[in-house]
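The chain contents come next:
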Amino acid sequence: MSAVDNVSTILASGARLTVPLAFAACGEYLAERAGTVNISVEAMMLGGAFGSIAVASATGSATTGLAAGVLVGLAVGLVHGTLSHRAAINTFVVGLVLNALVLGLTSYLITTSTFGGHQVWQVSVPVLRDIPVVGRALFVERWPAYLLLLLVPLTWWLVERSRWGLELRAVGEAPQAADVTGIDVNARRRQALLWCGALAGLGGAYLAVGEVGSFSQNMTAGRGYIVIAAVIFGAWRLGRTLLGCALFGLADALRLALPALGVTLNSQLLIVAPYLLALLVMLAFAARDREPRALGAPFRRGSA
């Protein structure tokens, strides 16, 4: 293969690996703007991946499986919101428990069930797919990837232009002041978790019925935590968050492509490279940009 072909192949792989991160990042971005660090995004993605393949195998429809993945992510978001905002359990503890629960449950179910391979169909955009280098990387994708063209501007509009988004940002910045004006702070945070659950579930489902066509144990392999790192990298701005997702996706693509291109590197180093990059990004940007003032802080009515 020529150098151009190699670059095109790596970009195509990077784009495919970026898509599930981008879906989940749109949700995590919105949740964090509301003041919730949603650690359970990993559980949402993994549950969505398993649910999509399980339902696709039962119905014979990958598209139905994709919808099921969204519902599973919603269910995880509902549980997280109920436990952290209604039962007043520490949201970080809830997130970690949900991650462990979903990992254990899906690991058990995959050993007791047999699922067939299912993938949603691919869409190749005429003319655009013929653009040198980037054409096949960006315009030959499984059809759910193109939902990002709708979901990204919709997420931005919801946060930055809608009244609901104004209230959402208020509860992330000054929840006590928002409460005084009549905004139900925890209700807005639960709604943000549901949006995050739906999109993270979609990201996990895309990974299963879009990119791979099957489910394997711990399939998401920490991608939820990389999504959180991408939001920090993006300084709680949607455009920069998606840029972070693309960076991590490209790093993962390089990890997979370099051995095939004859580049000899330590295999364990290649495996940890995307996660090491995530750690370095958080160290570099966490102190540089200001997060929402109430990020991670529980809200209790009347508390200072």
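Residues numbered from 1 in each chain as written. Predicted model: local features only at pLDDT ≥ 70, side-chain atom pairs only at ≥ 80, totals over all residues. Heavy atoms only, no water.

Colleague: Where do I start with the overall build of the protein chain in this structure?
Modeller: Within the protein chain one finds twelve helices and two strands. The C-alpha radius of gyration of the protein chain comes to 19 Å, within 12% of the 19 Å expected for a compact globule of 304 residues. The principal-axis extents of the C-alpha atoms in the protein chain amount to approximately 65 × 45 × 40 Å. The buried share among the 304 residues of the protein chain stands at 50%. Long-range contacts, defined here as pairs at least 24 residues apart, represent 76% of the contacts in the protein chain between residues at least 6 apart. Here the protein chain contributes 21 positively and 15 negatively charged side chains, and the mean placements of these two sets differ by 4 Å. (Helix = DSSP H or I, 4+ residues; strand = E, 2+ residues; numbered from the N terminus. Rg over C-alpha atoms; globule rule 2.2 N^0.38 Å. Buried < 20%, exposed > 50% of the residue type's maximum accessible area, 1.4 Å probe, protein only. Contact = heavy atoms within 4.5 Å. Lys, Arg positive; Asp, Glu negative; His and termini not counted. Charge placed at Lys NZ, Arg CZ, Asp CG, Glu CD.)

Colleague: Help me understand the side chain of T220, please; the structure alone is not making it clear to me.
Modeller: Along the chain, T220 turns up in the loop between α9 (185–212) and α10 (223–233). Taking relative accessible area as the criterion, T220 reaches 0% and is therefore assigned buried. Aside from chain neighbours lying at most four places away, what touches T220 is E42, M45, L46 and L207.

Colleague: Would you explain the nonpolar core in this entry?
Modeller: Burial of nonpolar side chains together is a common tendency in soluble globular proteins. By size, the foremost hydrophobic cluster in this structure holds 64 residues, and its most contacted members are F23, V209, F215 and M219. Among the elements that take part in this core, α9 stands out by supplying eleven residues, more than any other. Beyond its immediate chain neighbours, meaning those up to four positions away, F215 contacts L46, A49, F50, I53, T106 and I110. (Core = buried A, V, L, I, M, F, W, Y, C linked by side-chain atoms within 4.5 Å.)

Colleague: Help me out: how do you make sense of helix α4 (residues 91–112) in this one?
Modeller: Since there are 3.6 residues in each turn of an α-helix, residues three or four apart along the chain are aligned in direction. An ideal rise of 1.5 Å per residue puts 32 Å on 22 residues; α4 measures up with 32 Å between its terminal C-alpha atoms. Residues of α4 that are buried include every one of T91, V94, G95, L98, N99, V102, T106 and S107, and no others. The elements touched by buried residues of α4 are α2 (41–59), α3 (62–86) and α10. Of the residues that open α4, the one with a side-chain oxygen 2.8 Å from the backbone nitrogen of F92 is N90. (Expected span 1.5 Å × (residues − 1). Polar contact = N/O pair within 3.5 Å; in protein donor to acceptor, adjacent residues only side chain to side chain.)

Colleague: I would appreciate a short explanation of the packing of helix α6 (residues 148–160) against α9 in the present structure.
Modeller: What describes two packed helices is the angle between their axes and the distance between those same axes. Orientation of α6 relative to α9, taken along the N-to-C sense of each, is 165°, at an axis distance of 13 Å. Taken together, the axes of α6 and α9 lie roughly antiparallel to each other. When the axes of α6 and α9 are compared, the crossing they make is left-handed. Facing α6, whose interface residues are L151, L154, T155 and L158, α9 presents W195, L199 and L202. Here the contact of α6 with α9 is built from residues that sort into six nonpolar, one polar and no charged. (Axes fitted to C-alpha atoms, helices over the stretch in contact; angles between N-to-C directions. Parallel < 35°, antiparallel > 145°, perpendicular 65-115°, else oblique. Left-handed = near helix turned anticlockwise from the far one by under 90°. Nonpolar A, V, L, I, M, F, W, Y, C, P; charged D, E, K, R; others polar.)

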